[in-house]
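Here's the letter readout for the chains.
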Amino acid sequence: MNAIKLLKNRFVLNSPYRILHLITSKCNCRCGICNLWKNSLGHKNDLTTDQIIKMLDDARNAGIIFYDALGGEPLLRDDIGIILKYAKKIGLKTTVVTNGYYLKEKHNEIMPFIDVLAVSIDSNDNLHDEMRDCRGLREEAIEGIKLSKNNRTKILINSIISNKNLTKAYGLLELAQDLGVSICFQPIDLIKGYNENLIPTKNELKEVFNKIIIFKKSGYPITNSYEYLKFFTNGKKYVCCASKCFINIEPNGDIISCMHVHDKKWGNVKIVKLKDLFKSKEYNEFFIKEKNCNICNTACVIESSLFYRFNPTFLMQKIFSK
């Protein structure tokens, strides 16, 4: 059914199929790899429950299939269960990306309404807590994963590779295997003026991702496609189709088609109808301009772009993946 809906988006509606919603800027961590927590004081401007529900209705009417709740830390919202329940009620597939600290507290409330749960863990030792500047985070996340396992939700560990955890991939793979969950690896994205000191060299990334490819071939539960992993081992480039695959909604409702073009906003969901936006000449011209951009390292950007362009190798890997 999802495949049919995706094909309809691609060839009939010609619109994105996923919303990446930074549901709050509030966060309990102070990560060196991400600076969103610096906006925590602005969380009072986050969309209200009613405004998010209205946005979800508008998104479904515009052809959106998937709703991803990101942060900040999404589980810090008191209404997260209400929002996810409503998203499922209207037929959206839901994903939550969390640092896992509050999973033990919230799992009963949210898990019935989550299709994919991604928990950020960057090292299976105390280094993770140091990198995220949150004591006890790794242990809380692991216990939360154990309590959250069910027969409905796909659970995976999301690991960001910086120059601090280059040697930690194997330990993370062992953790994922022990927990019976999958794992996704992706390099840290550069935030100018903030995390330059954590960016690995191309050779360091090549070495790490060559090892990850070997681990994947050995049967470890790695969700990244080989096509994605090879971007960091052989320097391949991709044609970016991000704005035709998903759209980003900031905590206050501002609409951004690309996380790296923060000065390009498409208005606010409190005013703009997404269906009208997706059909606009300006939005479609932006898609044409972004094709040559290769800034992003994130799996969602690269693998979504491979899907959009019907990369045959990528599709075969996804169809026949374990």
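The shown structure was predicted, so the numbers you read here are calculated from the model rather than taken from an experiment.

Undergrad: Please clarify how the overall build of the protein chain should be interpreted in this entry.
TA: A count of helical and extended segments in the protein chain gives 14 helices and 9 strands. Here the C-alpha atoms of the protein chain give a radius of gyration of 19 Å, agreeing with the 20 Å that 2.2 N^0.38 yields for 322 residues. A principal-axis box enclosing the C-alpha atoms of the protein chain has dimensions of 45 × 40 × 40 Å. When burial is assessed residue by residue, the protein chain has 54% of its 322 residues classed as buried. Here the contacts in the protein chain between residues at least 6 apart in sequence split such that 70% fall between residues at least 24 apart.

Undergrad: What is the right way to read the environment of Lys149 from this model?
TA: Inspection of the secondary structure assignment puts Lys149 in the loop between α6 (137-148) and β5 (154-161). You can call Lys149 partly exposed: its relative accessible area is 42%. In this structure Lys149 touches Ile155, Leu179 and Gly180, once residues within four positions along its chain are discounted. Polar side-chain contacts of Lys149 include one of 2.5 Å to the backbone oxygen of Leu179.

Undergrad: So what exactly am I meant to see when it comes to the environment of Val181 here?
TA: As for its position among the elements, Val181 is in the loop between α7 (169-179) and β6 (182-187). Given the relative accessible area of 6%, Val181 is considered buried. Among all residues touching Val181, those that are not within four sequence positions of it are Ile145, Ile155, Ile157, Ala176 and Pro221.

Undergrad: I keep staring at the packing of aromatic side chains and nothing clicks. Help me out?
TA: The full count for this structure, using the stated rule, is 13 aromatic pairs. Geometrically, the ring pair formed by Phe215 and Tyr220 is edge-to-face, given 5.7 Å between the ring centres and 80° between the ring planes. Accessibility expressed as a relative area gives 18% for Phe215, which makes it buried. Both rings, one in Phe278 and one in Tyr283, keep their centres 5.7 Å apart while their planes meet at 50°; by these two values the pair is tilted. Among the residues examined, Phe278 registers a relative accessible area of 3% and is labelled buried. Taking NZ or CZ as reference, Arg18 lies 4.4 Å from the ring centre of Phe66, over its face. Sitting over the face of the ring of Tyr226, Lys216 holds its NZ or CZ atom 5.2 Å from the ring centroid.

The rules we used
- Residues numbered from 1 in each chain as written.
- Predicted model: local features only at pLDDT ≥ 70, side-chain atom pairs only at ≥ 80, totals over all residues.
- Heavy atoms only, no water.
- Helix = DSSP H or I, 4+ residues; strand = E, 2+ residues; numbered from the N terminus.
- Rg over C-alpha atoms; globule rule 2.2 N^0.38 Å.
- Buried < 20%, exposed > 50% of the residue type's maximum accessible area, 1.4 Å probe, protein only.
- Contact = heavy atoms within 4.5 Å.
- Polar contact = N/O pair within 3.5 Å; in protein donor to acceptor, adjacent residues only side chain to side chain.
- Phe/Tyr/Trp six-rings, centres within 6.5 Å; stacked < 30°, edge-to-face > 60°.
- Lys NZ or Arg CZ within 6 Å of the ring centre and 35° of its normal.

Read these as spatial facts, not as claims about activity.
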